[in-house]
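# Per-entry structural report
One-letter residues, chain by chain:
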Number of protein chains: 2
Amino acid sequence: MTFQKKLTTVQRKHRSLLCVGLDTDRQLLPSHLPRTADAVLEFNRAIIEATSDLACAYKLNLAFYEALGNDGWRVTDETLRSIPPSIITIGDGKRGDLGNTAEQYAQALYYEFGFDAVTVHPYMGFDSVEPFIRDADRCAFVLALTSNEGSKDFQRLTVGGRPLYEKVVQTVKKWNKKRNLGLVVGATHPDELKPIRALVPAMPLLIPGVGKQGGDLKLAVRYGCDKDGELAVINASRSILYASSTKNYATAARKEAAKLRTLMQRYQEQFFS
Amino acid sequence: MTFQKKLTTVQRKHRSLLCVGLDTDRQLLPSHLPRTADAVLEFNRAIIEATSDLACAYKLNLAFYEALGNDGWRVTDETLRSIPPSIITIGDGKRGDLGNTAEQYAQALYYEFGFDAVTVHPYMGFDSVEPFIRDADRCAFVLALTSNEGSKDFQRLTVGGRPLYEKVVQTVKKWNKKRNLGLVVGATHPDELKPIRALVPAMPLLIPGVGKQGGDLKLAVRYGCDKDGELAVINASRSILYASSTKNYATAARKEAAKLRTLMQRYQEQFFS
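Residues numbered from 1 in each chain as written. Chains lettered and ligands numbered in written order. Predicted model: local features only at pLDDT ≥ 70, side-chain atom pairs only at ≥ 80, totals over all residues.

### A few points about the overall build of chain A
When its secondary structure is counted, chain A shows twelve helices and ten strands. Against the globule reference of 19 Å for 273 residues, chain A gives a C-alpha radius of gyration of 18 Å, in line with a compact fold. The C-alpha extent of chain A, read off along each of the three principal axes, is 55 × 45 × 40 Å. Per-residue burial for chain A yields a buried fraction of 58% across its 273 residues. In chain A, once contacts between residues fewer than 6 apart in sequence are set aside, the share between residues at least 24 apart is 72%. (Helix = DSSP H or I, 4+ residues; strand = E, 2+ residues; numbered from the N terminus. Rg over C-alpha atoms; globule rule 2.2 N^0.38 Å. Buried ≥ 20, exposed ≤ 12 C-beta atoms within 10 Å, placed from the backbone. Contact = placed C-beta atoms within 7 Å.)

See the structure below:
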């Protein structure tokens, strides 16, 4: 099944644009859990079990798994196995390297781990992205306008009268022969989301930055979705994972995820029905 | 010891600008070795033993270790332990993510593995780089003008009348309060190396792309070094690792590394004495 088909199928089935970000930090686990790799896995499984009917995607921030050292691979692998196969999985490693190296990353992320999608940097150009888009069933989300403070340092520089991130959007659009590219646009930039969506009406947008980072959920739905109110993948990590530091953390996570999904549904109805 | 001190010390002691790139691909191992993680480790150890008096640095391309799956962490760790501690180690992962994630990467690469240096993408700006430069003993090489074909797609776009990569160079120079930033500039762009070095006279430059990629070694030395003929770290990977596919691969690797070092010494004498 193509990536876009899998994404819209699960978005309709779960009536959800919500991506749960599993940026699981050992140091922030509920206080009763030890700071171990096995506790991270137990925590992830509980979060997934509590939220999987509410989410269209899970995004694993690979830095947090690499930080587990020798156990990182196993915890990533077993976390992925706990995710129902109809739900999109995103390996958020923001890779970007030349052709033969990018092939190694694609092999590891898509076929060793089995992620449906990855995030990649645009800076090294086409040959650094191409190995991630050979398979129409897998999607590469290219960083366009990121949610962080540092996004202003280079992404907003003016190139030919337009911001650099817009040049990235237009270039990625040209590369999109197999319709398996997407873009990362932070919810912290609602004013830019609308023109970006206008440039790529049918491309999935991965939108981080709601929740702790302060992005605007209403505008993320309104301007991030395609004309049918789909194809926005709106990520929340810390606000769900650390909704409670007690033994009831999974219930609290479910409550937060449900709240976000309900808000998204409300905005979808408001703007797309 | 600061990174720059460690680098110049080993460059003088070994009379070498050579960085050996351990981009060890299981599929390209000598024909008598099995395609296993243990064989990668055995191969790396033999290459290091055969070349360590000729090199100022080893660069591990992390994609090739990630591709080893569950064994990747151990092979990385044990490869690093085989490198004499006076030699610079570079974790070439081209990371680039927002602050709290970059902290996780820095923790893993610098303090779990013990790399002296890393490579990072500039696209996400200062907060994505800052966690890698808190410690003056560690260095972040920021991608400026990469050796690959795709470097033309964005890096050469014109920003304020100058190419984007030059804007990256100037911005990184401003960030360099602790004198522990460096830049990646491909040897495939010798015409650009000279003006880049002029902008950053005292910054280490990591220069990949000689050997298989066809970069110009003579110009990499001439324009990549500082005024004393130092601070260029010139990487060769495939030409050394795969100099022979027979049981004599380590001897062949040594011969190739020695040839490159001798050429570099000749150009250093020619241009800096």
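Read on for the rest.
### So, the sheet that holds strand β5 (residues 139-145) of chain B
All names here are of chain B. If you trace the eight strands once around the closed barrel, you get β1-β2-β3-β4-β5-β8-β9-β10, paired in parallel fashion. Each neighbouring strand pair of the sheet contributes to a mean axis angle of 30 degrees, computed without reference to strand direction. Across two bridges, strand β8 (residues 181-185) lies against strand β9 (residues 205-207) in parallel orientation. Looking at the pairing, V184 lines up with L206 of β9. Of the strands in this sheet, β1 (18-21) and β10 (232-236) touch helix α12 (residues 249-272), which is tilted by about 150 degrees from β1. (Pairing = 2+ DSSP bridges. Axes fitted to C-alpha atoms, helices over the stretch in contact; angles between N-to-C directions.)

### Details of the environment of T158 of chain A
Tracing the backbone through its elements, the reader meets T158 of chain A in strand β6 (residues 158-159). Sequence separation between T158 of chain A and A39 of chain A is 119 residues, and the spatial gap between their C-alpha atoms is 46 Å. The residues contacting T158 of chain A, other than those within four sequence positions of it, are P163 of chain A together with V159 of chain B.

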